[in-house]
Amino acid sequence: MALTALSRACADDVLEVLPDAMDTIRLGMRSQLDNRLSVPQFRCLNYIDHSPGASVGAVAAFLGVTMPTASAMVDRLARAGHVLASSSAADRRRSTLHISASGKTLLEQVRAETRHELASRLARRPAEDLRAIRDGLAALRRALA
């Protein structure tokens, strides 16, 4: 498939805007996390929530960290009662990870608080901008699916 000038310009726009969007989300999250979670722990918990039964190796790959780093993070989350780790039925050396009820509650609280912070910033924009943002994000979701 040939790249067009429009597809390259669109890719440039995505690469320019998404880091700013992620920084805004990360800042909002940091203000909500307090001492409950670090941002990497939040990302780990969020990944496990979206990938029940994931392994520590999958967590490491997702976070872009070493296995020992991911293992230590999962251990801390498990000791805090946010993650349940059990031996895999297929391979006893492999743990399967699931979010606990307290982990789910914490994750939902942080998401809600971060969503509120982001919505407060977006509320300053006119309705037509908000509709355009939603339409653009829906198109991006379809394009990347």
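The preceding data block contains the structure.
Residues numbered from 1 in each chain as written. Predicted model: local features only at pLDDT ≥ 70, side-chain atom pairs only at ≥ 80, totals over all residues. Heavy atoms only, no water.

**Let's talk about the overall build of the protein**
And then number 1: The number of helices and strands found in the protein is 6 helices and 2 strands.
And then number 2: In sequence order, the secondary structure elements of the protein are arranged as α-α-α-α-β-β-α-α.
And then number 3: Here the C-alpha radius of gyration of the protein, 18 Å, is well above what a compact globule of 145 residues would show, namely 15 Å.
And then number 4: In the protein, the proportion of contacts linking residues at least 24 apart, taken out of those at least 6 apart, comes to 54%.
And then number 5: Accessible area of the protein: about 9800 Å², with a carbon and sulfur share of 58%.
And then number 6: Across the protein, the mean location of the 20 positive side-chain charges is 6 Å away from that of the 15 negative side-chain charges. (Helix = DSSP H or I, 4+ residues; strand = E, 2+ residues; numbered from the N terminus. Rg over C-alpha atoms; globule rule 2.2 N^0.38 Å. Contact = heavy atoms within 4.5 Å. Areas by Shrake-Rupley, 256 points an atom, 1.4 Å probe, with all protein chains shown as cover. Lys, Arg positive; Asp, Glu negative; His and termini not counted. Charge placed at Lys NZ, Arg CZ, Asp CG, Glu CD.)

**Comments concerning empty space enclosed by the protein**
Space left empty within the atom packing is revealed by a probe, the size of a water molecule, rolled over the atoms.
And then number 1: Counted under the stated rule, the structure contains 1 cavity of 30 Å³ or more.
And then number 2: Here the largest cavity is characterised by a volume of approximately 30 Å³.
And then number 3: If you trace the largest cavity, you find it lined by T24, I25, G28, T114, E117, L118 and R121.
And then number 4: Where the lining of the largest cavity is concerned, the elements lending two or more residues are α1 (5-33) and α5 (101-122).
And then number 5: Top element by residues in the lining of the largest cavity is α5. It accounts for 4 residues.
And then number 6: Here the lining of the largest cavity is composed, by residue class, of 2 nonpolar, 3 polar and 2 charged. (1 Å grid on protein atoms, 1.4 Å probe; cavity = no way out; pocket = protein on both sides within 12 Å on 5 of 7 lines; lining within 4 Å. Points joined across faces, edges and corners; volume = space filled by probe spheres on them. Nonpolar A, V, L, I, M, F, W, Y, C, P; charged D, E, K, R; others polar.)

**Section: the pattern of salt bridges**
And then number 1: Scanning the model with the defined rule gives 3 salt bridges in all.
And then number 2: Across the pair D129 and R125 runs a salt bridge whose closest N-O atoms are separated by 2.6 Å.
And then number 3: The exposure class assigned to R125 is partly exposed, which follows from its relative accessible area of 43%.
And then number 4: Each of D49, K104 and R111 takes part in a single network of salt bridges with overlapping partners. (Salt bridge = Lys/Arg side-chain N within 4 Å of Asp/Glu carboxyl O. Buried < 20%, exposed > 50% of the residue type's maximum accessible area, 1.4 Å probe, protein only.)

**Structural notes on a nonpolar patch on the surface**
And then number 1: A surface patch of nonpolar side chains, about 230 Å² in accessible area, is lined by L122, I133 and L137.
And then number 2: By the element assignment, I133 lies in helix α6 (residues 127-144). (Patch = residues over 30% accessible without salt bridge, like charges linked within 9 Å, V, L, I, M, F, W, Y side chains within 5 Å.)

**Some words on the packing of aromatic side chains**
And then number 1: A complete count under the given rule lists 1 aromatic pair for this structure.
And then number 2: Their ring planes at 20° and their centres at 4.6 Å tell us that Y47 and F62 sit as a pair that is stacked. Of this pair, Y47 sits in helix α2 (residues 39-50) while F62 sits in helix α3 (residues 56-63), and the two are 15 residues apart along the sequence. (Phe/Tyr/Trp six-rings, centres within 6.5 Å; stacked < 30°, edge-to-face > 60°.)

**Points about the side chain of Q41**
And then number 1: Assignment of secondary structure puts Q41 in helix α2.
And then number 2: Exposure remark for Q41: the relative accessible area of 15% places this residue in the buried category.
And then number 3: The contacts of Q41, once residues within four sequence positions are left out, are M73, R76 and L77.

**Notes on a negative patch on the surface**
And then number 1: On the surface, D12, D13, E16 and D20 cluster together to form a negatively charged patch.
And then number 2: As for its position among the elements, D20 is in helix α1.

**Some points on the layout of surface pockets**
And then number 1: Volume-wise, the largest pocket comes out at about 1500 Å³.
And then number 2: Taken together, 35 residues make up the lining of the largest pocket; nearest its centre are L18, A21, M22, I25 and L137.
And then number 3: Among the elements that make up the lining of the largest pocket, the one with the highest residue count is α1 (12 residues).
And then number 4: Class assignment of the residues belonging to the lining of the largest pocket gives a composition of 21 nonpolar, 5 polar and 9 charged.

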